[in-house]
Amino acid sequence: KKINFSIFPGESAIILGRSGAGKGLLLRLFAGLFKPTSGGVHWSGMAIDGLEYPKRQELQRHMGFIFDGKTGLLPNLNLFENIILPLAYFGEPPTTAKAIIQRYIDDFKLPIQENFWELYPYQCTHFTYTLAQVFRSVLTGPKILLLDNPFNTQGIKIAQMLFEFLGNLRDRLG
């Protein structure tokens with residue numbers, strides 16, 4: 001089916017549909033992770049579906065992506081190593097990453113597990129796992145966040161806390 005819509009700075013949009021309808025695939029197309037079989041994907045008037053590395057990488061620098069449930073972190077890396085992955089991908093040093101994330105934790109009074117930075121994904125609560133994905137997605141200061149149902153494994157209170165954090169962060173970062 002054909003899909004055509006626009007999202008402008010400061011706006012939020014939700015794609016609703018039943019399980020398996022293709023919402024996650026659509027987000028991956030937006031992020032340039034997959035190429036569409038027909039049609040195209042545009043960002044600020046530029047066709048991104050045909051971009052090759054390094055132009056696609058430069059565009060992806062402005063995107064944050066949070067995956068569905070417990071599928072976004074690499075199991076053999078601790079949380080700090082998972083969070084700084086985008087910096088490594090973009091060739092940036094991770095020197096200030098921990099300080100930036102710690103400031104978010106402190107400013108927004110986020111409850112984190114003991115030894116947060118050293119935990120491996122299998123050791124995390126659902127909240128801690130999702131929070132690590134959120135931190136990773138915002139570390140590079142993206143212009144857009146693509147969320148693939150990341151809070152579906154959270155209770156309502158924790159999901160609300162995460163949404164509030166993202167809203168406050170959006171307001172802070174512009």
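Every value quoted in this text rests on a predicted model; they were computed, and no experiment measured them.

Participant: Explanation requested: the overall build of the chain in the structure shown.
Facilitator: Along the chain, the regular secondary structure elements total seven helices and four strands. Shown N-terminal to C-terminal, the secondary structure of the chain runs as helices and strands in the order α-β-β-α-β-α-α-α-α-β-α. On C-alpha atoms alone, the chain measures out to a radius of gyration of 16 Å, which is about the 16 Å that the 2.2 N^0.38 rule sets for 174 residues. Seen along its three principal axes, the alpha-carbon backbone of the chain occupies a region of about 50 × 35 × 30 Å. Considering the chain as a whole, with its 174 residues, one finds that 40% of them fall into the buried category.

Participant: Which parts of the structure should I look at to understand the environment of T128?
Facilitator: Note that T128 resides in helix α6 (residues 126–138). For T128, a relative accessible area of 1% puts it in the buried group. Considered as a pair, T128 and F65 are 63 residues apart in the sequence and their alpha carbons are 17 Å apart. Those residues in contact with T128 that sit more than four places away from it in its chain are L79, Q113, F116 and L119.

Participant: How do you make sense of a nonpolar patch on the surface when you look at a structure like this?
Facilitator: Judged by side-chain polarity, I3, F5, I7 and I15 come together as a nonpolar surface patch covering roughly 330 Å² of accessible area. With respect to the element layout, F5 can be found in the segment before α1 (23–30).

Participant: It is not clear to me how the nonpolar core should be interpreted in this structure. Could you clarify?
Facilitator: Across soluble globular proteins, nonpolar side chains have a tendency to be buried as a group. Counting residues in hydrophobic clusters, the biggest one holds 30 residues, and the most contacted among them are L79, I83, I101, Y104, F135, L139 and F165. Put simply, the parts of the chain that give this core at least two residues each are α3 (79–83), α5 (97–107), α6 and α7 (156–173). In terms of residues, this core owes the most to one element, α6, which gives seven residues.

What counts, and where the lines are drawn
Residues numbered from 1 in each chain as written. Predicted model: local features only at pLDDT ≥ 70, side-chain atom pairs only at ≥ 80, totals over all residues. Heavy atoms only, no water. Helix = DSSP H or I, 4+ residues; strand = E, 2+ residues; numbered from the N terminus. Rg over C-alpha atoms; globule rule 2.2 N^0.38 Å. Buried < 20%, exposed > 50% of the residue type's maximum accessible area, 1.4 Å probe, protein only. Contact = heavy atoms within 4.5 Å. Patch = residues over 30% accessible without salt bridge, like charges linked within 9 Å, V, L, I, M, F, W, Y side chains within 5 Å. Areas by Shrake-Rupley, 256 points an atom, 1.4 Å probe, with all protein chains shown as cover. Salt bridge = Lys/Arg side-chain N within 4 Å of Asp/Glu carboxyl O. Core = buried A, V, L, I, M, F, W, Y, C linked by side-chain atoms within 4.5 Å.

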